[in-house]
Amino acid sequence: MNINRQRLLSMLEEVNRISAEGEGVTRLAYTAEEDAALDWFVETCDAHSIETRRDAMGNVFGTVGNSSGDGGILIGSHLDTVKEGGKYDGALGVVAGLEVLMALKENGERLDRPVTVAAFRGEEANILGGTFGSRAFCGLVGFDDTFMEKLEQTPFTEREIRESAGHEGYSDYLELHIEQGKSLENSGTEIGIVDAIAGIRRLDVTVYGEAAHSGTMAMGERDDALTHAAGLLLEFERIVNSFGAPYVGTVGTFSVHPNLANVVPGRVDFVLEVRGPEIDMMRRITEQFTEYAEAGHNVKISENVEKPPSALSDVIIEYGKSVCREAGVRYEVMMSGANHDANSLSSVMNSGLIFIPCLNGVSHNPGEYAAPEDIVRGAEVLLGTVMKLQGNNCGQ
Ligand code: HGY
Ligand code: MN
Ligand code: MN
């Protein structure tokens, strides 16, 4: 049973024709472009007589085998992207999953366990925190007041999210993704088998000052929120560096108010993010930052999202390794610094994550590139791992 190279690569080209204007690919969460890509998923399944369903918040699923059976094998990823992103982050995993379903159907494989492909919504979403569709699917969403306030900025209702919790009936999850880093490329390895996914902890930070006329307020008289924030960012960088690799810290969203050239900024809002392998250390980084900020500034700091690091399934890791060995594929077991839907799924079932290299480790960028032979090899390892799981009822 083989992966159809031509069909796999042309499906990837097809879905990536769906994008908003601008550089690279833009299919932001909960926009017409993400909707169109999810419709493409359903139409493609329909064209291959693959049974589909959509859940209440719009996650889409295609299944081969007895969909009412238990112990289902789930392959997933996402079709939304960052703004001006690449062709492979998310789309690779969904399209390779569809190709696996088509190969299984074509070969008339008798499946002991149904195989389903999912495209989860909002993996890149910022409003409710990323990997949102898969967290809803896994029943991981907490409906506290802060969440409910943010929910109003999305097209979803509380009922739709609660009804989308539907992971029962599946017991193993697999995701194929580009590495989005340089480790595979640097070591000349063809496949990454991920054993752990770094956690994410984000804070919403507001720094207050006093808006003033930029021409009349003397420098010594100012309460400039932006210069206060600049000092806080440099202290955040120093704190993160003091913990050393693999801990990383980023401020990627930052807004100045009122953001006018002739007004001394009165307020600055930003999201501060820490990632790493141990949640206690990540909390210590944010605690040190918060203590420093609150000691000398007028700030408001609240938790945005926290996703603990996840350990992936040893069973699936071993299957992935044996598939690579049998195929003569060079592999390495590695951690993922990027988050993935596999992190959500690892809370409720055995989960595995397979990487292929991407050029210069570039991702979240129009220049993102994965070579066709790596794409095909990744799909073949995905298919091989699915077949090993077929013989292992409910991922023992
Ligand atoms: O943030 C991440 O790691 C993922 O790309 N959403
Ligand atoms: Mn991404
Ligand atoms: Mn991704």
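Model, not experiment: these values are computed from the prediction.

1. Some details on the coordination of the manganese ion (ligand 3)
In the first shell of the manganese ion (ligand 3), the protein supplies His 78 (NE2), Asp 89 (OD) and His 177 (NE2), at 2.1 to 2.3 Å from the metal. A separation of 3.6 Å is found between the manganese ion (ligand 3) and the manganese ion (ligand 2), which are bridged by Asp 89. On the criterion of sequence distance, the pair formed by Asp 89 in the loop between strand S3 (72-78) and helix H3 (91-106) and His 177 in strand S5 (residues 170-178) is long-range, its members being 88 residues apart. For the pair shown, Asp 89 and His 177 are each scored as buried.

2. Here we look at the packing of H3 against helix H12 (residues 372-390)
Relative to each other, H3 and H12 sit at 55°, their axes nearing to 10 Å. Our classification of the angle between H3 and H12 gives oblique. For the pair H3 and H12, the sense of crossing is right-handed. Between H3 and H12, the residues in contact are Leu 92, Ala 96, Gly 97, Val 100, Ala 103 and Leu 104 and Ile 375, Ala 379, Leu 382, Leu 383, Val 386 and Met 387, respectively. Residue composition of the contact of H3 with H12, by class: eleven nonpolar, one polar and no charged.

3. What to know about the coordination of the manganese ion (ligand 2)
In the first shell of the manganese ion (ligand 2), the protein supplies Asp 89 (OD), Glu 124 (OE) and His 364 (NE2), at 2.1 to 2.2 Å from the metal. Every donor residue of the manganese ion (ligand 2) comes from the same chain, spaced as D-x34-E-x239-H. In this structure His 364 comes out as partly exposed when scored by relative accessible area, which is 43%.

4. Some words on the nonpolar core
Of all hydrophobic cores here, the largest spans 57 residues; its most connected members are Phe 41, Leu 79 and Ile 375. For this core, the leading source of residues is H3, giving eleven residues. Setting aside residues no more than four positions away along its own chain, Ile 375 makes contact with Leu 8, Leu 9, Leu 12, Tyr 88, Leu 92, Ile 356 and Ala 370. One finds Val 207, Ile 239, Met 282 and Ala 293 within the second-largest nonpolar core, a separate group that totals 21 residues.

5. Some thoughts on the domain arrangement of the chain
How big an interface is tends to be expressed through the accessible area that disappears when the partners come together. Domain boundaries assigned for the chain yield domain 1 (5-197 + 309-390) and domain 2 (199-307). If you average the C-alpha positions of domain 1 and of domain 2, the two centres end up 33 Å apart. The partner domain 2 presents twelve residues to the twelve residues of domain 1 that form the contact. Summing the contributions of domain 1 and of domain 2, the shared interface buries around 890 Å²; its carbon and sulfur component is 51%. Applying the counting rule to domain 1 against domain 2 returns one salt bridge. Lys 150 is the salt-bridge partner of Asp 204, the closest N and O atoms lying 3.4 Å from each other.

6. Some thoughts on the site of ligand 1
All residues adjacent to ligand 1 are Glu 123, Glu 124, Arg 275, Ala 338, Asn 339 and His 364. Interatomic distance of 3.0 Å between a side-chain N/O atom of Glu 123 and a nitrogen atom of ligand 1. Residue His 364 places a side-chain N or O atom 3.1 Å away from an oxygen atom belonging to ligand 1. Its free accessible area being 210 Å², ligand 1 has 90% of it covered by the protein chains. For the shell around ligand 1, the per-class residue count stands at one nonpolar, two polar and three charged.

7. Things to note about the pattern of salt bridges
Once the charged atoms of two side chains with opposite charge are near each other, the side chains can pair. A full pass over the atoms with the stated rule returns 25 salt bridges. With its nearest N and O atoms 2.7 Å apart, the salt bridge here joins Glu 235 to Arg 238. Placement of both Glu 235 and Arg 238 in helix H8 (residues 225-243) is noted, with a separation of three residues, approximately one turn of the helix. The exposure class assigned to Glu 235 is buried, which follows from its relative accessible area of 13%. Salt bridges sharing partners connect three or more residues here, namely Arg 201, Asp 280, Arg 283, Glu 303 and Glu 306.

8. As for H3
Taking 1.5 Å per residue, 16 residues should reach 22 Å; H3 reaches 22 Å between its end C-alpha atoms and fits that length. Among the 16 residues that make up H3, 14 are buried, leaving the element largely enclosed by the rest of the structure. Of the residues flanking the end of H3, it is Gly 108, one or two places downstream, whose phi is positive at about 60°.

9. Points about the packing of aromatic side chains
Taken as a whole and judged by the stated rule, the model has twelve aromatic pairs. Judged by centre distance (4.9 Å) and plane angle (85°), the rings of Tyr 30 and Phe 156 are edge-to-face. Of the two residues, Tyr 30 sits in the loop between helix H1 (5-15) and helix H2 (32-47) while Phe 156 sits in the loop between helix H5 (145-151) and helix H6 (158-163), which places them 126 residues apart along the sequence. By the burial criterion, Tyr 30 is buried, and Phe 156 matches it. Grouped by ring-pair contacts, the aromatic residues Tyr 30, Phe 132, Phe 143, Phe 147 and Phe 156 constitute a single cluster. Stacked on the ring of Phe 61, the Lys or Arg Arg 53 has its end atom at 4.0 Å from the ring centre. Taking NZ or CZ as reference, Arg 162 lies 3.8 Å from the ring centre of Phe 143, over its face.

Cut-offs applied
Sequence positions are assigned chain by chain, starting from 1 and proceeding in written order. Ligands are numbered from 1 and chains lettered from A, in the order in which they are written. With pLDDT at 70 or above as the cut-off, local features in this predicted model cover only qualifying residues; side-chain atom pairs require 80 or more to be listed or tallied, and sums for whole chains, interfaces and linings still use all residues. With hydrogens and water set aside, each side-chain value is computed from the structure's full complement of heavy atoms. Because no water is among the atoms considered, metal sites can look incomplete, with donors defined as N, O and S atoms within 2.8 Å of the metal, or 3.2 Å for Na, K and Ca. Think of it this way: any DSSP run of H or I at least four residues long counts as a helix, any run of E at least two long counts as a strand, and we number them from the N terminus. Note on classification: 1.4 Å probe, protein chains only; a residue is buried when its accessible area is under 20% of the maximum for its type, exposed when over 50%, partly exposed between these limits. With axes taken as lines fitted to C-alpha atoms, and helix axes fitted only over the stretch in contact, angles between N-to-C directions fall between 0 and 180 degrees. Our angle categories are set so that under 35 degrees counts as roughly parallel, over 145 as roughly antiparallel, 65 to 115 as roughly perpendicular, and the remainder as oblique. Left-handed describes a crossing in which the near helix is turned anticlockwise from the far one by less than a right angle; the clockwise case is right-handed. For this analysis, residues touch if any pair of their heavy atoms sits within 4.5 Å. When residues are sorted by character, Ala, Val, Leu, Ile, Met, Phe, Trp, Tyr, Cys and Pro go into the nonpolar class, Asp, Glu, Lys and Arg into the charged class, and all the rest, Gly among them, into the polar class. Only buried residues count toward a nonpolar core, which is a set of Ala, Val, Leu, Ile, Met, Phe, Trp, Tyr and Cys residues joined through side-chain atoms within 4.5 Å. All domain edges in this entry derive from an automatic or database-based domain assignment. Throughout, buried area stands for the accessible area (probe radius 1.4 Å) lost by two parts on being put together, summed over both. Salt bridges, as used here, are contacts in which a Lys or Arg side-chain nitrogen is within 4 Å of a carboxyl oxygen on Asp or Glu. We call a residue near a given molecule or strand whenever any one of its heavy atoms falls within 4 Å of it. Polar contacts, as counted here, are pairs of nitrogen or oxygen atoms within 3.5 Å of one another; within protein the pair requires one atom able to donate a hydrogen and one able to accept it, and residues that are adjacent in sequence qualify only if both atoms are side-chain atoms. The Shrake-Rupley method, run with a 1.4 Å probe sphere, supplies the accessible areas, and residue values consider only the shown protein chains as cover. Each helix should span, by expectation, one fewer than its residue count multiplied by 1.5 Å. Only the six-membered ring of Trp is used, alongside the rings of Phe and Tyr, when aromatic pairs are assigned; centres must lie within 6.5 Å, and planes under 30 degrees apart are stacked while those over 60 apart are edge-to-face, with the rest tilted. Over a ring means this: the NZ of a Lys or the CZ of an Arg is within 6 Å of the ring centre and within 35 degrees of the ring normal.

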